[in-house]
Amino acid sequence: MPTPTGAEPRLLAARGAAAVLDRGEALDLALEPGLAALNQSRDRALARRLAHAVLRDWPAVNGLVGRLLQRKPARRDRLVHFILGVALAELREAREPARAVVHAAVEAARAAGLTHLAGLVNAVLRNYQRNTAALTAALPDDPVHRYGYPGWLIARIQSDWPEAWEDVLAAGNRPPPLWLRVNRRYWSREQARRSLADAGFPTTIPDGVGDALVLDQRVAIGRLPGFADGGLSVQDGAAQLSAAYLQIEDGMRVLDACSAPGGKAAHLLEQARLDLTALELDGPRLARTAETLDRLKLSARLVQGDAVDPGSWWDGRRFDRILIDAPCSATGVIRRHPDIRWLRRSGDVGALAEQQGRMLDALWPLLRPGGILVYVTCSILKAENVVQASRFLELHCDARAIEHPELPGRAQDCGRQILPGEAGMDGFYFAAFERLCSPG
Ligand SMILES: C[S@@+](CC[C@H](N)C(=O)[O-])C[C@H]1O[C@@H](n2cnc3c(N)ncnc32)[C@H](O)[C@@H]1O
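Structural notes, computed from the coordinates. Note that the structure is a prediction, hence the values are computed from the model and not measured.

Reading guide: rules and limits
Residues numbered from 1 in each chain as written. Predicted model: local features only at pLDDT ≥ 70, side-chain atom pairs only at ≥ 80, totals over all residues. Heavy atoms only, no water. Salt bridge = Lys/Arg side-chain N within 4 Å of Asp/Glu carboxyl O. Helix = DSSP H or I, 4+ residues; strand = E, 2+ residues; numbered from the N terminus. Buried < 20%, exposed > 50% of the residue type's maximum accessible area, 1.4 Å probe, protein only. Pairing = 2+ DSSP bridges. Axes fitted to C-alpha atoms, helices over the stretch in contact; angles between N-to-C directions. Left-handed = near helix turned anticlockwise from the far one by under 90°. Contact = heavy atoms within 4.5 Å. Nonpolar A, V, L, I, M, F, W, Y, C, P; charged D, E, K, R; others polar. Near = heavy atom within 4 Å. Polar contact = N/O pair within 3.5 Å; in protein donor to acceptor, adjacent residues only side chain to side chain. Areas by Shrake-Rupley, 256 points an atom, 1.4 Å probe, with all protein chains shown as cover.

Quick look at the pattern of salt bridges now. Within this structure, the stated rule accounts for 25 salt bridges. Between D426 and R335 there is a salt bridge, with its nearest N and O atoms 2.7 Å apart. Within this pair, whereas D426 is found in the loop between β12 (416–418) and β13 (428–435), its partner R335 is found in the loop between β8 (319–325) and α16 (340–343), the two being separated by 91 residues in sequence. What makes R335 buried here is its relative accessible area of 4%. When salt bridges that share partners are traced, they join R253, D275, R301, D315 and R317 into one network.

Let us look at the sheet that holds strand β4 (residues 232–234). One open sheet accounts for four strands, arranged β2-β3-β1-β4; its pairing is antiparallel. Among the strands making up the open sheet, the edge pair consists of β2 (203–204) and β4. In the sheet, strand β1 (residues 178–182) pairs with strand β3 (residues 212–215) via four bridges, with the strands oriented antiparallel. Looking across to β3, one finds that L178 is bridged to L215.

What follows covers the packing of helix α17 (residues 346–363) against helix α18 (residues 386–395). Close contact between α17 and α18 brings their axes to 10 Å; oriented N to C, the two are set at 40°. In this structure, α17 meets α18 at a crossing whose hand is right-handed. Contacts between α17 and α18 involve A353, Q356, G357, L360 and D361 from the former and Q388, R391, F392 and L395 from the latter. Class assignment of the residues belonging to the contact of α17 with α18 gives a composition of four nonpolar, three polar and two charged.

The buried fraction of β1 is high, at five of five residues. Alternating residues of β1 divide into L178, L180 and V182 and W179 and R181, and every residue in both groups is buried. Note that β1 and β4 share three bridges and pair antiparallel. Paired with L180 across the strands is V234, a residue of β4.

With respect to the helices, strands and loops of the structure, L363 is situated in helix α17. With 54 residues separating them in the primary sequence, L363 and D309 have C-alpha atoms 8.6 Å apart. Each residue touching L363, except ones within four places of it in the same chain, is listed here: L255, A257, A307, P310, W313, I322 and I324.

The environment of the ligand is formed by 19 residues, the closest being E280, R285, D306, A307 and D325. In the model, a nitrogen atom of the ligand is placed 2.9 Å from a nitrogen or oxygen of the A307 main chain. Here a nitrogen atom of the ligand sits 2.7 Å away from a polar atom, N or O, in the side chain of D325. In the complex, the protein chains occlude 87% of the 610 Å² of accessible area that the ligand would expose alone. Of all the secondary structure elements, the ones that give two or more residues to the shell around the ligand are α14 (263–271) and α17.

Following this line, the structure appears as structure tokens:
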């Protein structure tokens, strides 16, 4: 029987944080079963919001818990650390009355079977309330505690974006706006906008993203007119730019080399009648591409295979367009997935860059002369972006970079970078290459 204290969502948020921080699991997957067990959509939203809040503020709340607890809890009681962390993150947000937050945390401890620690939770949080100013002042005054990211990642972002690093870190702590993609096959953007406004959901037309609308308020997506019939999808504005870079036309043979869960493939198929191959390494993820296309009544050739090993799946016919939406650090989408900052390790970036480079080199020969390959990441780290694209250009004398000054983002030596929050978008990098008929 759920209690009215809000203990369950808070306990779920604490379990989610423990899964990320102690076991290195992805937050969405860790929360999934618990969310399914919560009946109220309000509780599900609260659990998600608090899990995000504690991960965004982890260095500070972890420091506070450490100071406030006189002794480290026993191993089997470790969850109490995260129950306290969630409560402190919530108290620091100051959105709810403090009494309710403390009460809910005490009940969360009981609901977790930690009844013997309920008094301790109460005492620790009351102590925090009495001494908030002094405890907060005692936290280290450094970017790790101010912005809530690991030091190695802050150092990389500082080095790559010396003039913008603080904006980047701050943007990663702000929840993103809700971007929609209008299915051109179903209706025009104007029709969609009118229908949404009539149903009480006003939207804004963003600059430079042809199929996008931005909702002025957060809403359960299923309530939007046209959504159930495939007229609308949720997709960030930056992700929608891949289609503009590819310059597709009806009848083209297109490879989406890293397709799951199918957002960009669907967008391309909404824009033109294509012979599209949706490749994906991971079988269960390829099934998600299939689901996305089914919902929108679109079709593609779905292939499970390794983009780095075309010999194992390619039929030998070249493509007019290739999209490589490469696996990357995902440092451009930290505002959606705050767990990424804790799940990535500094060594991951080099390994990812190596894999991206191999993918580019392996797929380039599959492009017909005159065709276009677009390389995309949702990363803000130069090693995965401009450095990668420049290396590719140097290596392939039959490649020419196509610049797109009309599209949003910061021009790089090669390609364009959108930093998180710029024009309301996620952080994305794009580079487009034409294959020359004779090497330049
Ligand atoms: C950034 S996601 C793609 C997102 C997708 N394009 C969309 O818009 O919905 C990268 C995908 O590449 C897949 N992937 C990773 N390595 C791969 C490989 N060697 N060959 C093909 N796909 C790969 C991952 O499983 C993941 O689904």
